[in-house]
Amino acid sequence: MKYLLLLLTMSSFAGFSQEPEELFWEDMIPKNYIAPQDEVNHDGAMIQQSLNAPVVKELNGKLVKIPGFVVPLEGDSDTTTEFLLVPYFGACIHVPPPPPNQIVYVKFSSGVPIDNIYDAVWVTGTLSTDVWQGDIATTGYSLQGIEVTPYDG
């Protein structure tokens, strides 16, 4: 009987610790969606692609871990409280922003250190399909951040 009680107690604690789902950028595009061919503009404008790109609604509210690159929005020299997570280096800075379903607006209630924006990171948190609009891009996803770790993939 003691062993059964111990087993039940241990399994109830295990239910509280949820592992985040590893998500990759292709997982954030609906399966049957085919992006329209955007016209290439060579005038130097940083116009975002496919503003009406749909999101995967089933990802709303999930605890996830996503790899990507940081585009800082708010913070100081030591920590960042808000940033865009993008699939490749230079997105939103050196090249036009990708579609909204390929950008995540990330917010941390207290700042996190971002050592080097040239390095890829894993960002863990609760994902939502809430749109965020800023000066440099519109996002299809938002994430309440829990942790940032170096990308090890």
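Residues numbered from 1 in each chain as written. Predicted model: local features only at pLDDT ≥ 70, side-chain atom pairs only at ≥ 80, totals over all residues. Heavy atoms only, no water.

(A) Examining the pairing of strand 5 (residues 121-128) more closely. Of all eight residues that make up strand 5, seven are buried, and the element is covered over most of its length. The sheet contact formed by strand 5 and strand 8 (residues 141-150) spans eight bridges and is antiparallel. Paired with Leu127 across the bridge in strand 8 is Leu143. (Buried < 20%, exposed > 50% of the residue type's maximum accessible area, 1.4 Å probe, protein only. Helix = DSSP H or I, 4+ residues; strand = E, 2+ residues; numbered from the N terminus. Pairing = 2+ DSSP bridges.)

(B) Local environment of the environment of Ser142. Mapped onto the elements, Ser142 comes out in strand 8. Distance in space between the C-alpha atoms of Ser142 and Leu85 is 9.6 Å, their sequence separation being 57 residues. For Ser142, the contacting residues outside a window of four places in its chain are Val104, Tyr105, Thr126, Leu127, Ser128, Asp130 and Trp132. Polar contacts involving the side chain of Ser142 include one to the main-chain carbonyl oxygen of Asp130, which spans 3.0 Å. (Contact = heavy atoms within 4.5 Å. Polar contact = N/O pair within 3.5 Å; in protein donor to acceptor, adjacent residues only side chain to side chain.)

(C) Local environment of the layout of surface pockets. Its volume calculated, the second largest pocket comes out at about 160 Å³. Pro113, Ile114, Asp115, Asn116, Asp119, Ala120, Val121, Val148, Thr149 and Pro150 together form the lining of the second largest pocket. Sorting elements by how many residues they give to the lining of the second largest pocket places strand 8 first, with three residues. Classifying every residue of the lining of the second largest pocket gives six nonpolar, two polar and two charged. (1 Å grid on protein atoms, 1.4 Å probe; cavity = no way out; pocket = protein on both sides within 12 Å on 5 of 7 lines; lining within 4 Å. Points joined across faces, edges and corners; volume = space filled by probe spheres on them. Nonpolar A, V, L, I, M, F, W, Y, C, P; charged D, E, K, R; others polar.)

(D) Layout of the side chain of Thr129. Within the element layout of this structure, Thr129 appears in the loop between strand 5 and strand 6 (132-133). Leave out the neighbours within four places in its chain, and Thr129 touches Val55, Val56, Lys57, Asn60, Gly140 and Tyr141.

(E) Structural view of the environment of Ile34. You can see Ile34 is positioned in the loop between strand 1 (21-22) and strand 2 (63-75). Its relative accessible area of 74% is what places Ile34 among the exposed residues. Between the alpha carbons of Ile34 and Ala53 there is a distance of 9.2 Å; along the sequence they are 19 residues apart.

(F) Inspection of the pattern of salt bridges at higher detail. Within the structure shown, the criterion is met by two salt bridges. Residue Glu21 is joined to Lys62 by a salt bridge in which the shortest nitrogen-to-oxygen separation is 3.6 Å. Linking Glu21 in strand 1 with Lys62 in the loop between strand 1 and strand 2, this pair joins segments that are 41 residues apart in sequence. By relative accessible area, Lys62 is classed as partly exposed at 34%. (Salt bridge = Lys/Arg side-chain N within 4 Å of Asp/Glu carboxyl O.)

(G) Structural context of the confidence of the model for the protein chain. Of all residues in the protein chain, 83% attain a pLDDT of 70 or more, and the chain-wide mean is 86. Between the elements of the protein chain, mean pLDDT differs from a low of 38, seen in helix 1 (residues 2-14), to a high of 98, seen in strand 5. (pLDDT = per-residue confidence, 0-100.)

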